[in-house]
Amino acid sequence: MYEEATQGNGQPQEGSSEVLLTVKSLSYSVQLERRVLDVLKDISFSVSDGQFVSIIGPSGAGKSTLLRIIAGLVRPTSGHVYYRDQEVTHPIKNISMMFQNYALLPWKTALENVEIALYSNEELSAREKREKALKALTAVGLSGFENAYPGELSGGMKQRVAIARALALEPEILLMDEPFSALDPLTADHLRNEVYSYVINPQSPIRSVIMVSHNVEEVIELSDKVVVLSPRPAHVVGEVNILLNRPRDKKSFEFYTYVDQVFALLT
Ligand SMILES: Nc1ncnc2c1ncn2[C@@H]1O[C@H](COP(=O)(O)OP(=O)(O)O)[C@@H](O)[C@H]1O
Ligand SMILES: [Mg+2]
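Heads up: these notes are all about the structure in this document. (Residues numbered from 1 in each chain as written. Chains lettered and ligands numbered in written order. Predicted model: local features only at pLDDT ≥ 70, side-chain atom pairs only at ≥ 80, totals over all residues.)

**Some remarks on the sheet that holds strand E5 (residues 86-87)**
So, point 1. With antiparallel pairing, the four strands of this open sheet are ordered in space as E2-E1-E4-E5. Two strands lie at the open edges of the sheet, namely strand E2 (36-48) and E5, each paired on one side alone.
So, point 2. As paired elements, strand E4 (residues 78-83) and E5 share two bridges and run antiparallel to each other. Of the residues in E5, the one forming a bridge with tyrosine 83 is glutamine 86. (Pairing = 2+ DSSP bridges. Helix = DSSP H or I, 4+ residues; strand = E, 2+ residues; numbered from the N terminus.)

Here is the structure:
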């Protein structure tokens, strides 16, 4: 199943398939009391159908800001984001964001926390919302935990609820901001193994993922392409296409060649 899922979608497809998202000459500055702070400077890259793209850069570089601009939550100072041919100027249905902290409501069950994502969708009946939420929880391996409260779930399970919430929205592009950074190393390792197959498989509506991270091994393990950012003001110092089959052997020579390549760009 895992093999099958990755054969269809997971292989690097640079150049061969449709571009879903384009970031074009994006800059972002904020006016502080006495001066202008440049956060992002002339950032361009694209995301093709089927691609898992990671954005890596040092802490404080502007990665979360970049992701919020792609989500349509923040307007850039200059430059553009396009979803297919449509400029993204506000949040749209086809792009959804999973936030750095899981943002689960402690007084709602796992199922209700997923349903919240569909709350304002007037095209769906209450029953359809419930069905979509249940399907998303099943997809992340949480059937049986529908009625559990966040306080009763482990960190990894909370993260899966957050993934289910994003899946329930059925976006084409999923944005993830440091999805593993709040987890203990063992749980993070385990979830990293699973997350690719949760989000990119023939049954999933999600076509492409953009993940922000500051962990080099993590991005080599998961990505088809890594976009490397400089310290603030962030600009693209390089792009690395990862041509490794999945699942990836983190101990292989080829894996470490990529780790070295990304580290060299970061330093
Ligand atoms: N609206 C804002 N006002 C002031 N500073 C901001 C604003 N937006 C972003 N920044 C600054 O931009 C920098 C990058 O932030 P962020 O995108 O969170 O970086 P990262 O996610 O890479 O750690 C930070 O130094 C932050 O203080
Ligand atoms: Mg951040």
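**Some points on the nonpolar core**
So, point 1. If you look at the biggest cluster of nonpolar residues, it comprises 73 residues, and the most contacted ones within it are Ile70, Val114, Ala164, Leu175, Val209 and Ile210.
So, point 2. Looking at this core element by element, the count peaks at seven residues for helix H5 (residues 155-168).
So, point 3. In contact with leucine 175, other than residues within four places in its own chain, are Leu67, Ile70, Ala71, Ile95, Ser96, Met97, Met98 and Ile210. (Core = buried A, V, L, I, M, F, W, Y, C linked by C-beta atoms within 7 Å. Buried ≥ 20, exposed ≤ 12 C-beta atoms within 10 Å, placed from the backbone. Contact = placed C-beta atoms within 7 Å.)

**Section: the pairing of strand E7 (residues 173-177)**
So, point 1. Most of E7 is tucked away: five of the five residues are buried.
So, point 2. Going residue by residue along E7, you find Ile173, Leu175 and Asp177 tucked away on one face and Leu174 and Met176 tucked away on the opposite face as well.
So, point 3. Inspection of the sheet shows strand E6 (residues 95-98) paired to E7 by four bridges, in the parallel sense. Bridged to isoleucine 95 within E7 is isoleucine 173.

**A look at the sheet that holds strand E9 (residues 225-229)**
So, point 1. One open sheet holds the six strands; their spatial order is E6-E7-E8-E3-E9-E10, and the pairing between them is mixed. Whereas interior strands pair on both sides, the edge strands pair on one side only; in this sheet they are E6 and strand E10 (236-241). Strand-to-strand twist in this sheet, taken as the mean axis angle between neighbours without regard to direction, amounts to 15°.
So, point 2. Docked against the sheet, helix H8 (residues 253-266) engages strand E3 (52-56), E9 and E10, running at close to 170° with respect to E10. (Axes fitted to C-alpha atoms, helices over the stretch in contact; angles between N-to-C directions.)

**Remarks on the environment of glutamine 86**
So, point 1. Residue position: glutamine 86 is located in strand E5.
So, point 2. The class for glutamine 86 is exposed, based on 10 C-beta atoms found within 10 Å.
So, point 3. When the C-alpha positions of glutamine 86 and leucine 21 are compared, they lie 9.3 Å apart, and in sequence the two are 65 residues distant.

**Observations regarding the environment of methionine 97**
So, point 1. Position of methionine 97 among the secondary structure elements: in strand E6.
So, point 2. For the pair methionine 97 and threonine 65, spaced 32 residues apart in the sequence, the C-alpha separation amounts to 12 Å.
So, point 3. Among all residues touching methionine 97, those that are not within four sequence positions of it are Leu67, Ala71 and Leu175.

**A few points about H5**
So, point 1. Under the 1.5 Å per step criterion, the end-to-end length of H5 is 20 Å for 14 residues, consistent within 8% with the ideal 20 Å.
So, point 2. Counting buried residues along H5, 11 of its 14 residues qualify, which places the element largely inside the surrounding structure.
So, point 3. Looking only at H5, the buried set comprises Lys158, Gln159, Arg160, Val161, Ala162, Ile163, Ala164, Arg165, Ala166, Leu167 and Ala168.
So, point 4. Against the buried residues of H5 lie E6, helix H3 (110-115), helix H4 (126-139), E7 and helix H6 (185-199).
So, point 5. In the stretch just after H5, glutamate 170 is the one whose phi turns positive, near 50°. (Expected span 1.5 Å × (residues − 1).)

**Side note on the site of ligand 1**
So, point 1. The environment of ligand 1 is made up of Val30, Leu37, Val39, Gly57, Ser59, Gly60, Ala61, Gly62, Lys63, Ser64, Thr65 and Arg232.
So, point 2. Elements with a contribution of two residues or more to the shell around ligand 1: E2 and helix H2 (63-70).
So, point 3. Of all the elements, H2 adds the most residues to the shell around ligand 1, at three residues. (Near = placed C-beta within 6 Å.)

**Considerations on the packing of H4 against H5**
So, point 1. At their nearest, the axes of H4 and H5 sit 8 Å apart, and the two run at 130° to each other. Here H4 is positioned oblique relative to H5, judged by the angle of their axes. Classified by chirality, the crossing of H5 by H4 is right-handed. On H5, the residues that touch Lys132, Ala133, Ala136, Leu137 and Ala139 of H4 are Ala164, Leu167 and Ala168.
So, point 2. For the contact of H4 with H5, the residue count by class is seven nonpolar, no polar and one charged. (Parallel < 35°, antiparallel > 145°, perpendicular 65-115°, else oblique. Left-handed = near helix turned anticlockwise from the far one by under 90°. Nonpolar A, V, L, I, M, F, W, Y, C, P; charged D, E, K, R; others polar.)

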